[in-house]
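So you can see what is in the structure, the chains are spelled out below.
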Amino acid sequence: MPQLELFPPAKINLFLYLLGKRSDGFHEIDTLMIRTSLKDRLLIEAISTHPNLQFLCSDPNLPISADNLVVKAANLFREHTGVTDGLKIVLEKKIPSGGGLGGGSSDAAYTLKGLNELFQSPLSPEKLLALASQLGSDVPFFLGEPVARCQGRGERLSPLFHWEDLPRRAVLINPGFGVPTGWAYQTYQTYSLKKGDVEGKFSWGEMRNDLEPAVFSKYLLLPEIKTWLKSQPGIFASMMSGSGATMFGLLEKNCDFLKLKLEFQKKFGNAAFIAEVVLG
């Protein structure tokens, strides 16, 4: 039977502004997201002999039930297309979960996109985007261009087609734990509504993450990693991605990543995930 192999990418937020609470309970945001070369691997196979959905995941800490975004995406696709074939979906995780890198959202978007390809495009691009918006605020981004400004809940996309002046390399550091997105936004709302520090003003915007003060108030290792990153040669800015807990540093052309990784491990140990990625 037909099978697709897809590689859903992680993203980072080059800025994340919170503009107030919406009437639907979500926050109005304005963010610039850019894809990275860090990717999961997704295998999707149609099986005509039975109608069941089988989902396997390499990360034992992630649910494989209806709570998983991949399963939600597959069920939503079948509901809106009438497809009755069985499906086998295998997800190999490389992107740290709950890390502010959009891994789950990317997996869900690529599930929608992959199923639409597998079954000869029963859904229009507009319909796919509408279904993606139902799954989560970050999901629509992964159906579009590599760089986009995302507004509203995140579903209003303005792709950037000319981004030669954007950073091209970054280091990602995930300390080995995630930050629940809902908790981060709720804590921001009740904690202080304090905006994030400005890390720099660039042609693409003022680099700041408004969730940092709330998240940093509990997860004390994160501001320590950020301060360390900013002090390293070859890094010109550092920030938390999304709601955390992944921190990133933007790399200058001459930055020696291997040396940077060794210095980080000397100070913080070997438990953290650390990787160099290409942006865009």
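The structure we're discussing is the one just above.
All values derive from a computational prediction rather than experimental measurement.

Novice: How should I be thinking about the packing of aromatic side chains in this particular structure?
Specialist: Here a ring pair, both rings aromatic, is described through the centre-centre distance and the interplanar angle of the planes. Summed over all chains, the structure comprises 10 aromatic pairs. Measuring from ring centre to ring centre gives 4.7 Å for F202 and W204, while their planes differ by 10°; the resulting arrangement is stacked. Residue F202 is classed as partly exposed on the basis of its relative accessible area of 29%. Among the aromatic residues, those joined into a cluster by ring pairs are F177, W183 and Y219. Against the face of F268 rests K267, its NZ or CZ located 5.6 Å from the ring centre.

Novice: Please clarify how the nonpolar core should be interpreted in this entry.
Specialist: Ranked by internal contacts, the top residues of the largest apolar core, which has 35 residues, are L112 and F119. Looking at this core, the elements that each hand over two or more residues are strand 1 (3–6), strand 4 (41–47), strand 5 (53–57), helix 1 (69–81), strand 6 (86–92), helix 2 (103–118), helix 3 (125–135) and strand 7 (147–152). Core analysis: the next-biggest nonpolar cluster, separate from the first, contains 29 residues, V171, Y188, V215 and L222 among them.

Novice: I tried to follow the pattern of salt bridges on my own but got confused; where do I start?
Specialist: When the charged atoms of two side chains lie near each other, side chains of opposite charge can form a pair. Enumeration according to the criterion identifies 17 salt bridges in this entry. Two residues, D30 and R149, come together in a salt bridge whose shortest N-O distance is 2.6 Å. Residue D30 is found in strand 3 (residues 27–39), and its partner R149 is found in strand 7; the two are separated by 119 residues along the sequence. When its relative accessible area of 6% is taken as the criterion, D30 is described as buried.

Novice: How should I be thinking about the sheet that holds strand 1 in this particular structure?
Specialist: In a beta sheet, neighbouring strands pair by backbone hydrogen bonds and run either parallel or antiparallel. Taken together, 4 strands build an open sheet; the order of strands is 1-4-6-5 and the sheet is mixed. Both edges of this open sheet fall to strand 1 and strand 5, since each of them pairs with a single strand only. Sheet twist, expressed as the mean angle between neighbouring strand axes with direction ignored, is 10°. Here strand 4 runs beside strand 6; their pairing, made up of 7 bridges, is antiparallel. Looking at strand 6, one finds that L42 is bridged to L91. Contacts from helix 2 reach strand 1, strand 4 and strand 6, with the element oriented near 35° to strand 4.

Novice: Is there a simple way to think about the layout of surface pockets in this case?
Specialist: Gaps between atoms show up when a probe of the same size as a water molecule is rolled over them. In this structure, the largest pocket encloses a volume near 1100 Å³. L69, S105, D138, T181 and S243 are the residues nearest the centre of the largest pocket, which is lined by 44 residues in total. Sorting the residues of the lining of the largest pocket by element identifies strand 2 (9–21), strand 3, helix 1, helix 2 and helix 4 (181–191) as the ones contributing at least two each. Of the residues that constitute the lining of the largest pocket, the class distribution is 16 nonpolar, 21 polar and 7 charged. Reported here for the second largest pocket is a volume of approximately 160 Å³. What lines the second largest pocket is K194, K195, D197, E199, E212, P213, F216, P223, K226, T227 and K230.

Novice: Help me out: how do you make sense of unusual backbone geometry in this one?
Specialist: Leave glycine aside and you will find that most residues have negative phi; peptide bonds, for their part, are mostly trans. With an omega of 15°, the peptide bond between G244 and A245 qualifies as cis. Tracing the backbone through its elements, the reader meets A245 in the loop between strand 12 (235–240) and strand 13 (247–251). Positive phi values are uncommon outside glycine, yet Q120 reaches one of about 60°. Mapped onto the elements, Q120 comes out in the loop between helix 2 and helix 3. By relative accessible area, Q120 is classed as exposed at 65%.

Novice: Can you walk me through the pairing of strand 7 in this structure?
Specialist: Put simply, side chains in a regular strand alternate between the two faces of the sheet. With 6 bridges joining them, strand 3 and strand 7 adopt antiparallel strand pairing. Considered in strand 7, the bridge of T31 is made with C150. Of the pairings in the sheet, the one linking strand 7 to strand 8 (residues 156–159) comprises 4 bridges and is antiparallel in character. Within strand 8, the residue paired with A148 across the bridge is P159. With antiparallel pairing between neighbouring strands as the criterion, strand 7 and strand 8 make up a hairpin whose turn holds 3 residues, including G154 at a positive phi of roughly 125°.

Novice: Honestly, the environment of E126 in this entry has me stumped. Any pointers?
Specialist: Examined against the element boundaries, E126 turns out to sit in helix 3. Residues E126 and G25 lie 101 residues apart in sequence; the distance between their C-alpha atoms is 25 Å.

Rules and cut-offs
Residues numbered from 1 in each chain as written. Predicted model: local features only at pLDDT ≥ 70, side-chain atom pairs only at ≥ 80, totals over all residues. Heavy atoms only, no water. Phe/Tyr/Trp six-rings, centres within 6.5 Å; stacked < 30°, edge-to-face > 60°. Buried < 20%, exposed > 50% of the residue type's maximum accessible area, 1.4 Å probe, protein only. Lys NZ or Arg CZ within 6 Å of the ring centre and 35° of its normal. Core = buried A, V, L, I, M, F, W, Y, C linked by side-chain atoms within 4.5 Å. Helix = DSSP H or I, 4+ residues; strand = E, 2+ residues; numbered from the N terminus. Salt bridge = Lys/Arg side-chain N within 4 Å of Asp/Glu carboxyl O. Pairing = 2+ DSSP bridges. Axes fitted to C-alpha atoms, helices over the stretch in contact; angles between N-to-C directions. Contact = heavy atoms within 4.5 Å. 1 Å grid on protein atoms, 1.4 Å probe; cavity = no way out; pocket = protein on both sides within 12 Å on 5 of 7 lines; lining within 4 Å. Points joined across faces, edges and corners; volume = space filled by probe spheres on them. Nonpolar A, V, L, I, M, F, W, Y, C, P; charged D, E, K, R; others polar.

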